[in-house]
Amino acid sequence: MGKGHAWILGATGQIGRAAVRALAEDGWEVTAVSRGGARDEHWADGVRTTALDRDEEGALAAALGDGCDVLVDMVAYGEQHARQLTGLADRIGSAVVISSGAVYEDDRGRSFDTQGEPDGAPRYPVPIPETQRTVAPGDATYGTRKIRLERDLLAADALPVTLLRAGAIHGPHCRSPRELYFVKRLLDGRGRRVLAYNGASRFHPVHVSNVAELIRLAAGQPGSRVLNAADPQAPTIAEIASAIDGVLGRETETVLVDGAPPVGDVGDTPWSSAHPIVYDMTAAGKELGYRPVTGYVESLPETVEWLVGQLDGRDWRDAFPAMLRAYGEGLFDYEAEDAWLERYDRERQAR
């Protein structure tokens, strides 16, 4: 007997692809919804697809028809989408909505939004529980829009909703894959790398299959709750770099810098942070009986293989335009990196 009808918004995104597979395999009747209505080759034949622009007036309500037992939303932001979902509460049994660890702020009001300011790096507790304070809701940033979404959804008693505060998402089909930072360097034959903060930064990752498992469990146990979503390990940047070396069979000399990047983007990575960002996963275990499907190192070979395939014969900026927008050209500024390393070598020899 089936578990009911699951409607998945943002089904062809990175998390959506995995969530469709997980729910279909778990016995749900799944409707995969995306702008283009595309089908992933790994989905079961029984998965239905629907093309939908959720921001078109009345489109979501019309497509939803008589409703669903659970609606999984990968792409909800802010007040407008919260109002859209709560307005359909009479046709949605429960919801599972992806939020972000970017909503947290430390006890001095520092968050992801203040990283670039003097003394702006947040110093969170290790690990961060779901009870940690959050940024003020608003429309200014990713984090403020996500917390507005969270609060408005939780205030709607008629719609049980599980909100998953995801860490640094990784795995195939990522639009901004942080692993690209090390994979491209290896493919380009770089024999040395520079890591700021002594390579000790920790920005807790979460593999898409672990997010999909949390979605599967929450779909079967409706309720209103906020849960972190992260892998069982939070490796340091240096450990991530070494693991990627291992997948590609390479050895790289690592030059560690004590403190912030020494100049420009040299030594700065997509995981770099002055203080650790680690999420507490205790509540997910207690609330849902969650157990991770995979860990960071175990999942790397598939991710790296996918990245190598995406880069084959393509400029990284064409393959990953979202990565370019997020981090800029300095991500692979080898000229600046080599100039700094040359100075570093001279100064070391002079000592």
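Whatever comes next refers back to the structure up there.
About the criteria used
- Residues numbered from 1 in each chain as written.
- Predicted model: local features only at pLDDT ≥ 70, side-chain atom pairs only at ≥ 80, totals over all residues.
- Heavy atoms only, no water.
- Pairing = 2+ DSSP bridges.
- Helix = DSSP H or I, 4+ residues; strand = E, 2+ residues; numbered from the N terminus.
- Axes fitted to C-alpha atoms, helices over the stretch in contact; angles between N-to-C directions.
- Contact = heavy atoms within 4.5 Å.
- Buried < 20%, exposed > 50% of the residue type's maximum accessible area, 1.4 Å probe, protein only.
- Arc of directions from axis to C-beta.
- Parallel < 35°, antiparallel > 145°, perpendicular 65-115°, else oblique.
- Left-handed = near helix turned anticlockwise from the far one by under 90°.
- Nonpolar A, V, L, I, M, F, W, Y, C, P; charged D, E, K, R; others polar.
- Salt bridge = Lys/Arg side-chain N within 4 Å of Asp/Glu carboxyl O.
- Core = buried A, V, L, I, M, F, W, Y, C linked by side-chain atoms within 4.5 Å.
- Polar contact = N/O pair within 3.5 Å; in protein donor to acceptor, adjacent residues only side chain to side chain.
- Expected span 1.5 Å × (residues − 1).
- Bend = angle between axes of the 7 residues up to and from the residue.

A. Broad picture of the sheet that holds strand β3 (residues 48-51). Taking strand neighbours across the sheet as the criterion, the seven strands line up as β3-β2-β1-β4-β5-β6-β10 in an open arrangement whose pairing is parallel. Of all strands in the sheet, those with a lone pairing partner are β3 and β10 (225-229), marking the two edges. Each strand axis lies, on average, 20° off the axis of its neighbour in the sheet, ignoring direction. Both strand β4 (residues 68-73) and strand β5 (residues 92-100) contribute to a ladder of five bridges, which runs parallel. Across the sheet, D73 pairs through a bridge with V97, a residue of β5. Lying on the sheet, helix α6 (residues 208-220) is in contact with β4, β5, β6 (161-166) and β10; it crosses β5 at an angle near 155°.

B. Spotlight on helix α3 (residues 78-86). Considered for burial, the residues of α3 that qualify are G78, H81, A82, Q84 and L85. Buried residues of α3 fall within an arc of 160° about the axis and therefore sit on the same side. Buried-residue contacts for α3 involve α2 (59-64), β4, β5 and α4 (142-154).

C. Layout of the packing of helix α7 (residues 237-248) against helix α9 (residues 296-311). One way to put it is that α7 packs onto α9 with a least axis distance of 10 Å and a crossing angle of 60°. Taken together, the axis directions place α7 and α9 in an arrangement best described as oblique. Between α7 and α9 the crossing geometry is right-handed. Along the contact surface, α7 presents I240, A243, I244, V247 and L248, while α9 presents Y296, V297, L300, P301, V304 and V308. Here the residues of the contact of α7 with α9 are counted per class, giving 11 nonpolar, no polar and no charged.

D. Focus on the pattern of salt bridges. Under the criterion given, the structure shown has 26 salt bridges. A salt bridge links E150 to R165, with the shortest nitrogen-to-oxygen separation between them at 2.6 Å. Pair noted here: E150 is in helix α4 and R165 is in strand β6, with a separation of 15 residues, a long-range link. Each member of the pair, E150 together with R165, is buried. For E213, the salt bridge identified is with R216, shortest N-O distance 2.9 Å. Here the residue E213 and the residue R216 both occupy positions in helix α6, the gap between them amounting to three residues, near one helical turn. Its relative accessible area of 15% is what places E213 among the buried residues. One salt-bridge network, in which partners are shared between bridges, spans K3, D26, E213 and R216.

E. Fine view of the nonpolar core. I8, L23, F182 and I215 are the most contacted members of the largest nonpolar core, which has 69 residues in total. Of the residues forming this core, the biggest block, eight residues, is contributed by α6. In this structure, L9, V33, L52 and L159 belong to the second largest nonpolar core, which totals 23 residues.

F. Structural view of the side chain of R193. Relative to the helices and strands, R193 resides in strand β8 (residues 192-195). Here the side chain of R193 touches D245 through a polar contact of 2.8 Å, side chain to side chain. Side-chain polar atoms of R193 contact the side chain of T252, separated by 3.4 Å. Other than its neighbours up to four places away in sequence, R193 contacts F182, A241, S242, D245, T252, E253, T254 and V255.

G. Broad picture of the side chain of T269. Positionally, T269 belongs in the loop between β11 (253-256) and α8 (282-288). Using a relative accessible area of 6% as the deciding quantity, one classes T269 as buried. Residues within four places of T269 in sequence aside, it is in contact with Y181, F182, L195 and I237.

H. Up close: the packing of helix α5 (residues 180-187) against α7. α7 packs onto α5 with a crossing angle of 45° between their chain directions and a minimal axis gap of 10 Å. With respect to each other, α5 and α7 are oriented oblique. The handedness of the crossing between α5 and α7 is right-handed. From α5, F182, V183 and L186 reach across to α7, where they touch I237, I240, A241, I244, D245 and L248. Here the contact of α5 with α7 is composed, by residue class, of eight nonpolar, no polar and one charged.

I. Layout of α9. Here α9 spans 22 Å end to end across 16 residues, near enough to the 22 Å set by a 1.5 Å rise per residue. Where α9 bends most, the angle comes to about 30°, and this point is E302. If you check which residues of α9 are buried, you get Y296, S299, L300, T303, V304, W306, L307 and L311. Residues of α9 that are buried sit in contact with β7 (168-170), α5, β9 (205-207), α7 and α10 (316-319). Of the residues one or two after α9, G313 is the one with positive phi, at around 75°.

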